Amino acid sequence: MRLHGRWGTATMARPIPPSVPEVVCRSPAMRATWRKLERIAHFDLPVLLCGETGVGKDVAARTLHLRSARRHEPFVAVNCAAIARGVAESELFGHVRGAYTGAERTRGGAFVRAGGGTLLLDEIAELPLELQAKLLRVLENGTFVPVGSDVEVVHRARVVAATCRDLPRLVAEGRFREDLYHRLSVVVVRIPALRERREDIGPLLDAFGAEAARRLGRPVHVTASARVAAERHAWPGNVRALKNAVLRAAALNDGLVDGDVLLAEPAPAPSSAPGACDVIVVPRGTYREMQAHLLRHVVAEHGSIRRAAAALAVPRSTLAEWLKRADTPSRRTTGAGPCTGSLDAAGA
Ligand SMILES: Nc1ncnc2c1ncn2[C@@H]1O[C@H](COP(=O)(O)OP(=O)(O)O)[C@@H](O)[C@H]1O
Ligand SMILES: [Mg+2]
């Protein structure tokens, strides 16, 4: 049975007609990206937004929504990395009263809240495999079944997915369903990292300086030295890190954002928790120390040497050997580190 209405037009408040947020888009790379977004916004095609953490995937999803005919309907974002496993299905599809212990009331999930608007499934790579199967069915059928119910509900939301992970790689490793990947990625939009579009850094400094002035209630001045420093910096945390650095510098230095304060407190390294992006920050050291750090990081991230070796596309025995050498005290006289050559050969 299909039910239109009771779930599909649930009680969400209508948002005030929204305006497109101020998006800095000066560099050729971002201009091309935004042209693509605006071109596809009107079509109901699934869109997959890719890019490192902090590049502006949320901003891109909102732009897609606000440039579409759905802009007067809700925009709902769900962070798949942040929802607890036990309640993930209910978060997406809702549940009926008595569906499980503690479910005292019927509750609509994200698909209901999004109505005929846009549903952003952020950090989609972190969706558990069993839910990936359910999501695929929902996208294929255009209907879903709330937890504990036997009634199919029609959904009208446009689904936009975002990830900072290499989804094709996860598909190859069996960690993401290939059919769902194809379903979600009809149009793929990659948001470039900030270091690939340094022309945006100046205008972003101006925008964030103005925002800092508003938030701190005091004049804020971004100096020429801050501009030079920011343009040279790698910004592994991308636009989010730049924004936080400006706010922090303005607050700590009486509104004067200069190069030293801007980069004084390094932004914390992006975490390697699920959902974080594929940037690894390596503490400065000798070549060998940095290689050892990288190897340990990759193993920790993947939870075992076998999985880490698969991710690095080398035999397990090779990785085990590299780790063993990385852990033996260095002989300063030998020059290059023990991993040299083999690591390079693996392209790691
Ligand atoms: N092009 C841009 N212009 C202005 N602000 C931006 C831009 N891109 C990102 N931001 C800001 O940077 C922060 C991180 O952006 P977000 O979309 O959340 O990144 P992501 O989802 O890729 O991690 C947000 O505060 C956002 O408003
Ligand atoms: Mg995001």
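On a predicted model such as this, the values are computed, not experimentally measured, just so you know.

A. Quick peek at helix H9 (residues 224-232). Considered for burial, the residues of H9 that qualify are Ala226, Ala229 and Ala230. With its buried residues spanning 100° around the axis, H9 presents them on a single face. Across from the buried face of H9, at angles greater than 90 degrees, the exposed residues are Ala224 and Arg232. Elements that come into contact with the buried residues of H9 comprise helix H8 (201-216), strand S9 (221-222), helix H10 (238-252), strand S10 (256-257) and helix H11 (259-262).

B. How the structure looks around unusual backbone geometry. Within the chain, Glu123 stands out as a residue other than glycine whose phi angle is a positive 50°. Tracing the sequence through the fold places Glu123 in the loop between strand S4 (118-122) and helix H5 (129-141). For Glu123, a relative accessible area of 15% translates into the label buried. Non-glycine residue Asp254 carries a positive phi angle of around 50°. Within the secondary structure, Asp254 is located in the loop between H10 and S10. Take Asp254: its relative accessible area is 59%, and that puts it in the exposed class.

C. View of the packing of aromatic side chains. Within this structure, the stated rule accounts for three aromatic pairs. Relative to Phe111, the ring of Phe93 lies with its centre 5.4 Å away and its plane at 25°, an arrangement referred to as stacked. With a gap of 18 residues between them, Phe93 in helix H3 (residues 88-93) and Phe111 in helix H4 (residues 110-114) connect regions that are remote in the sequence. Given a relative accessible area of 2%, Phe111 falls into the buried group.

D. The arrangement of the confidence of the model for the chain in detail. Looking at the chain as a whole, the pLDDT averages 83, with 82% of positions reaching at least 70. Confidence over residues 331-348 falls short of pLDDT 50; this stretch has 23 contacts with residues more than four positions distant or in other chains.

E. A look at H8. Between the first and last C-alpha of H8 there are 21 Å, a value that for 16 residues agrees with the 22 Å anticipated at 1.5 Å per step. The secondary structure elements touched by the buried residues of H8 are S9, H9, H10 and H11. A positive phi of about 65° marks Gly217, the residue just after H8.

F. Local environment of the site of ligand 1. Taken together, 17 residues lie near ligand 1, and Gly54, Lys57, Asp58, Arg240 and Lys243 sit nearest. In the model, a nitrogen atom of ligand 1 is placed 2.9 Å from a nitrogen or oxygen of the Val24 main chain. At a separation of 2.9 Å, an oxygen atom of ligand 1 approaches a polar side-chain atom of Lys243. Going through the elements one at a time, helix H2 (57-66), H8 and H10 are the ones with two or more residues in the shell around ligand 1. A breakdown of the residues in the shell around ligand 1 according to their chemical character gives eight nonpolar, three polar and six charged. Shared between two domains, the shell around ligand 1 holds at least three residues of each, these being domain 1 (2-190) and domain 2 (197-262).

Thresholds applied
- Residues numbered from 1 in each chain as written.
- Chains lettered and ligands numbered in written order.
- Predicted model: local features only at pLDDT ≥ 70, side-chain atom pairs only at ≥ 80, totals over all residues.
- Heavy atoms only, no water.
- Buried < 20%, exposed > 50% of the residue type's maximum accessible area, 1.4 Å probe, protein only.
- Helix = DSSP H or I, 4+ residues; strand = E, 2+ residues; numbered from the N terminus.
- Arc of directions from axis to C-beta.
- Contact = heavy atoms within 4.5 Å.
- Phe/Tyr/Trp six-rings, centres within 6.5 Å; stacked < 30°, edge-to-face > 60°.
- pLDDT = per-residue confidence, 0-100.
- Expected span 1.5 Å × (residues − 1).
- Near = heavy atom within 4 Å.
- Polar contact = N/O pair within 3.5 Å; in protein donor to acceptor, adjacent residues only side chain to side chain.
- Nonpolar A, V, L, I, M, F, W, Y, C, P; charged D, E, K, R; others polar.
- Domains from an automatic or database assignment.

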